[in-house]
2 protein chains.
Amino acid sequence: MPSPRHKVVIVGGGFGGLSAAKALKKADVDIVLIDRRNHHLFQPLLYQVATAALSPSEVAWPIRHLLRRQGNVRVLMGTVIGVDTEAREVLLEHGEREGYDSLVLATGAQDSYFGNDEWKRFAPGLKTVEDATAIRRKLLLALEAAERESDPERRRALLTFGIIGAGPTGVELAGAIVELGRSSIKGQFHTLDPEALRVVLIEGGDRVLSNFDKELSDYTHKALEDMGVQVELGEMVSSIDAEGISYGKRRLETRTVIWAAGVAATPVAEWLGIKADRGGQIKVAPDLTVPGLPNVYVVGDVAKVSRADGRPVPGVAPAAKQEGQYAAKAIQDRLAGHEVEPFVYKHAGDLATIGKSSAVIDFGFTKIKGWAAWWLWGIAHIYFLVETRTRIFITLSWLWIYLTGQRSARLITHGEATSQKPLDEVDED
Amino acid sequence: MPSPRHKVVIVGGGFGGLSAAKALKKADVDIVLIDRRNHHLFQPLLYQVATAALSPSEVAWPIRHLLRRQGNVRVLMGTVIGVDTEAREVLLEHGEREGYDSLVLATGAQDSYFGNDEWKRFAPGLKTVEDATAIRRKLLLALEAAERESDPERRRALLTFGIIGAGPTGVELAGAIVELGRSSIKGQFHTLDPEALRVVLIEGGDRVLSNFDKELSDYTHKALEDMGVQVELGEMVSSIDAEGISYGKRRLETRTVIWAAGVAATPVAEWLGIKADRGGQIKVAPDLTVPGLPNVYVVGDVAKVSRADGRPVPGVAPAAKQEGQYAAKAIQDRLAGHEVEPFVYKHAGDLATIGKSSAVIDFGFTKIKGWAAWWLWGIAHIYFLVETRTRIFITLSWLWIYLTGQRSARLITHGEATSQKPLDEVDED
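Analysis parameters
Residues numbered from 1 in each chain as written. Chains lettered and ligands numbered in written order. Predicted model: local features only at pLDDT ≥ 70, side-chain atom pairs only at ≥ 80, totals over all residues. Heavy atoms only, no water. UniProt positions renumbered as here; feature names shortened; annotations may be inferred. Buried < 20%, exposed > 50% of the residue type's maximum accessible area, 1.4 Å probe, protein only. Helix = DSSP H or I, 4+ residues; strand = E, 2+ residues; numbered from the N terminus. Right-handed = clockwise from strand over helix to strand, strands pointing away. Pairing = 2+ DSSP bridges. Contact = heavy atoms within 4.5 Å. Buried area = accessible area lost by both parts, 1.4 Å probe. Salt bridge = Lys/Arg side-chain N within 4 Å of Asp/Glu carboxyl O. Domains from an automatic or database assignment. Nonpolar A, V, L, I, M, F, W, Y, C, P; charged D, E, K, R; others polar.

In the annotation of an unreviewed UniProt entry, chain A is listed under the name NADH:ubiquinone reductase (non-electrogenic) and assigned to Devosia subaequoris. Quoted verbatim from the Catalytic activity (unreviewed entry) heading of the UniProt record, the comment on chain A is "a quinone + NADH + H(+) = a quinol + NAD(+)". Turning to chain A, the UniProt annotation filed under Sequence similarities (unreviewed entry) states: "Belongs to the NADH dehydrogenase family."

Caption draft 1: Region of interest: the pairing of strand E1 (residues 6-11) of chain A. Residues and elements named next belong to chain A. E1 sits mainly inside the fold: 5 of its 6 residues count as buried. Each parallel crossover has a hand, and the one from E1 via helix H1 (residues 15-23) to strand E2 (residues 29-35) is right-handed. The pairing of E1 with strand E9 (residues 102-105) spans 4 bridges and is parallel. Each residue of the ladder has a partner; that of Val8, found in E9, is Ser102.

Caption draft 2: Region of interest: the interface of chain A and chain B. Taken together, the contacts link 67 residues of chain A with 67 residues of chain B. Interface area, chain A with chain B, both sides summed: about 5900 Å², of which 56% is carbon and sulfur. By the criterion of area lost to chain B, the three top residues of chain A are Arg64, Met77 and Arg389 of chain A, representing 12% of everything that side buries. Here chain A and chain B share 4 salt bridges between them. Across the pair Arg148 of chain A and Glu96 of chain B runs a salt bridge whose closest N-O atoms are separated by 4.0 Å. Broken down by secondary-structure element, the contributors of at least two residues to the side of chain A that touches chain B are helix H3 (56-59), strand E4 (60-62), helix H4 (63-66), strand E5 (73-77), helix H5 (129-148), helix H12 (388-404) and helix H13 (424-428) of chain A. When residues in the side of chain A that touches chain B are grouped by element, the largest group, 9 residues, is from H5 of chain A.

Caption draft 3: Inspection of the domain arrangement of chain A at higher detail. Residues and elements named next belong to chain A. Each domain of chain A was delimited in the assignment, giving domain 1 (6-36 + 78-111 + 263-335) and domain 2 (117-261 + 356-428). Contacts between the two partners involve 6 residues from domain 1, matched on the other side by 8 residues from domain 2. Here domain 1 meets domain 2 over a buried area of about 490 Å², counting both sides, of which 48% is carbon and sulfur. On the domain 1 side of the interface with domain 2, the three residues burying the most area are Asp111, Val263 and Lys321, jointly 67% of the side's total. When residues of the side of domain 1 that touches domain 2 are assigned to their parent elements, the largest contribution, 3 residues, is made by strand E10 (residues 109-111). Looking at the side of domain 1 that touches domain 2 residue by residue, the class counts come to 2 nonpolar, 1 polar and 3 charged.

Right, dumping it as structure tokens:
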């Protein structure tokens, strides 16, 4: 059924896809936004769901709800399995097809285990709401199992938490796990000692937060150690199993491992039948289109884009947003017969929290660290949240944790509604 | 290892077990509270999680956290599989044993399908947090599938929701599903009509809320119909399958069925090697102990207790609380050599909401209905919530929904962290 208006199909409701849809609000086009999930996820705060500070519904909102005031967009929950660029159709599961005039691919990244996919079972990553609640369950169950365990070796392994990768996610998780563990144990477990909790952060590079200025890396390293995090640099992981991690010549006995070491682009290059770059990314033209496919835009983590100085545009939310907005403008400019300017990335800065009351921010021209950075980090994140309700509730949640130390979302829940054995997880892993 | 002090083991962290533990706060005893879950669940509001008004962490709190200020209690997350009444030991999974001097069994009820356990797959009940999120997923996925469906018959079945059982849970779910469906569809689904949503409430008895005064039943029946709920009385369900429900001589085509028709006690009688009453309950002595086992108390849904007028004590939260408190007092009275008075149940009243702004309350001596009852219902529930934080957050959540109509927790999430196919659920069911 041909559309009378120019039809834009957007695949992916993350930062890239959502900002593209919103930037087309006043455009004379019909938009279909397709996502496998019904919700947009505010990934920068996902680690707080994994560590029981926030609830899933505080960081994820139905895409339909976010776009409810935009008449020219139809939201479709569905799984895209390919693109027919000849027929200009997106292929969905169950044989459905959705025709397009312009296509925006914004499907994001997924965890990459560098060819060791068998590690995933023992070391989940943190990309989805389910990942976050699964990690929360693992963390809390380890404490419960430690409370019941009488063997000191086994108890030690249960109270040890390994994080692989010391980028912002790894650093934020390490700090938050120390705080969750200590605040949970204190006064609530009779046989556990808060000081027995051990968080080990393993990084292959020679410093934490390698994207940041060296001074901030060093500051973060020291702040983590002051909190009690054991930082292991320059160590490559050689295996992960149910009992622990082998790295360098060492072995860490732990029942809980989290993967924060690497991501790869979703397999969009396969859909288009083109060759992907390293990490699955697609090297796009200066207008973010796929070479040879001038009506197919790629934005966000899948797009390989360079900055003016030659460095790659990082895989962060602001970059995906800027690219989504750019693609929307390029589509409109083309429809209006205007010339399309090349995409230029504006880097606002890098930021990471280290724990309650400490953070680092690298603006390039200036650097901030400590509690001032932490407050700025908090205010910035609340500002960037999409909805008023969420702003109010997250502010209150944080304030509550700040004042009382109580984490509200310390629930161990299971996937299957009929599951009768919440404890098996620990034994199986 | 014998305890120097009298040792009380409580099995179950619901209303009965938790109130027993709290009532023993100042007692000179050692308490061990064992639960399969790490959280206490505020079941009266669970239907609001199933209908996306509240988050799981707003109605469930870690038991450890609730008892953190009580030095004489140790919380153990574990699954009880039996009781050795000779040795006075509770048997846990994996061979662990926990000795007791006094035992309080407060394990609650589970869904009962009256011998048709195969229905459970198609008609989940509402007893756990996982049940609630599973129902939420089913409800929201049905709307998503309807939006994609072009066949009018199939679409009609997807937009039809069947609830079996018109007690308070069934009535509350029916009202909340109408509101969730209409508010979700309105402006957010392009091809669906809010008026096409159909909620059918099927009840075997001759009126809704059969425990309430007839006048309130009639009022509720009319209020439900005014909201658009189709009420079917005096109809016994003969089968439930993936395509719908057969009841009486009729057939309802629906993809979403919820079971609110009956519960049975958890299999505590088996643990004790005694004969259970109808519905798995244990007929206890006037002091809530098991006949022949004067140090084993049974409280809550498992205990079969009569009121002064001969009617049974209902399976509601206030009854479980009173029984738990009574058991705690009886244990202390015995230890002090005092005489133990028999348990007397005080019935505060029955209450149920019908939807936004309407409820019924039956105090016995007086009846309230409409918006006054609704406000009283809300205030009473906020008052009975356990924690200050929850009171604040639930009040704000309700206020937000009341003022804006936006339900915050409309997330479709999956059990398995690695699941890639959130849509399959609909096809399978």
